[in-house]
Amino acid sequence: MSDDTARAAEILKGHRESIDRLDAILVYTLGERFKHTQAVGKLKATHDLPPSDPAREAKQIARLEELAKEADLDPEFAKKFLNFIIAEVIQHHKQHQS
């Protein structure tokens, strides 16, 4: 293995270690987020509130798109990601109401 190839392998290893740590952060962050959304779903069910709040969802999507731009992340990807999460949360909220 050449020195350049060995150096590239070391750099690759460092990037992959960072990616693995970031993946762990994402999973734990989503876990924490869903703990709160589950509590919100139970509260909504207890007080006969609708499982979704379109005005808040639109506001959150716009907010996340702006954050994505600031973070140099594709805003369309951020929007799709949040829409996926919101759909999952609404399903959880509907389950609490049954």
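Here the structure is a predicted model, which is why all the values come from computation and not from measurement.

Asker: Explain the overall build of the protein chain residue by residue, including any values.
Answerer: If you tally the helices and strands in the protein chain, you get three helices and zero strands. Moving toward the C terminus, one meets the helices and strands of the protein chain in the order α-α-α. Projected onto its principal axes, the C-alpha coordinates of the protein chain cover approximately 65 × 25 × 15 Å. The buried share among the 98 residues of the protein chain stands at 17%.

Asker: Please set out the packing of aromatic side chains residue by residue, giving values where relevant.
Answerer: Under the definition given, this model contains one aromatic pair. Taking 6.2 Å as the distance between ring centres and 15° as the angle between the ring planes, the aromatic pair formed by Phe77 and Phe81 counts as stacked. Here the residue Phe77 and the residue Phe81 both occupy positions in helix 3 (residues 75–97), the gap between them amounting to four residues, near one helical turn.

Asker: Kindly report on the packing of helix 1 (residues 3–46) against helix 3, identifying the contributing residues and their values.
Answerer: Contact geometry of helix 1 with helix 3 gives a least axis separation of 9 Å together with a crossing angle of 40°. For the element pair helix 1 / helix 3, the angle class is oblique. In terms of crossing hand, the pair formed by helix 1 and helix 3 is right-handed. Contacts from Leu30, Arg33, Phe34, Thr37, Gln38, Val40, Gly41, Lys42, Lys44 and Ala45 of helix 1 reach helix 3 at Phe81, Leu82, Ile85, Glu88, Val89, His92, His93, His96 and Gln97. Of the residues assigned to the contact of helix 1 with helix 3, the class counts are eight nonpolar, seven polar and four charged.

Asker: Explain the side chain of Lys44 residue by residue, including any values.
Answerer: Within the secondary structure, Lys44 sits in helix 1. Buried charged residue Lys44 carries no salt bridge. Nearest counter-charge: Asp53, at 5.7 Å. One polar contact links the side chain of Lys44 to the main-chain carbonyl oxygen of Pro51, over a distance of 3.3 Å. Here Lys44 is in contact with Leu49, Pro50, Pro51, Ser52, Asp53, His93 and Gln97, once residues within four sequence places are set aside.

Asker: Before we move on, could you go through helix 2 (residues 54–70) and cite the residues and values that matter?
Answerer: Across its 17 residues, helix 2 extends 24 Å between first and last C-alpha, which sits within 8% of the 24 Å expected from 1.5 Å per residue. Regarding helix 2, the residues found buried are Glu57, Gln60, Ile61 and Ala68. The arc enclosing the buried residues of helix 2, seen along the axis, measures out at 105°, which places them on a common side. Facing away from the buried side of helix 2 by more than 90 degrees, the exposed set consists of Ala55, Arg56, Lys59, Lys69 and Glu70. Looking at the buried positions of helix 2, the neighbouring elements they touch are helix 3. Note on helix 2: the residue one or two positions beyond its end, Asp72, has a positive phi of about 60°.

Thresholds, definitions, all that
Residues numbered from 1 in each chain as written. Predicted model: local features only at pLDDT ≥ 70, side-chain atom pairs only at ≥ 80, totals over all residues. Heavy atoms only, no water. Helix = DSSP H or I, 4+ residues; strand = E, 2+ residues; numbered from the N terminus. Buried < 20%, exposed > 50% of the residue type's maximum accessible area, 1.4 Å probe, protein only. Phe/Tyr/Trp six-rings, centres within 6.5 Å; stacked < 30°, edge-to-face > 60°. Axes fitted to C-alpha atoms, helices over the stretch in contact; angles between N-to-C directions. Parallel < 35°, antiparallel > 145°, perpendicular 65-115°, else oblique. Left-handed = near helix turned anticlockwise from the far one by under 90°. Contact = heavy atoms within 4.5 Å. Nonpolar A, V, L, I, M, F, W, Y, C, P; charged D, E, K, R; others polar. Lys, Arg positive; Asp, Glu negative; His and termini not counted. Salt bridge = Lys/Arg side-chain N within 4 Å of Asp/Glu carboxyl O. Polar contact = N/O pair within 3.5 Å; in protein donor to acceptor, adjacent residues only side chain to side chain. Expected span 1.5 Å × (residues − 1). Arc of directions from axis to C-beta.

These figures capture arrangement, not role.
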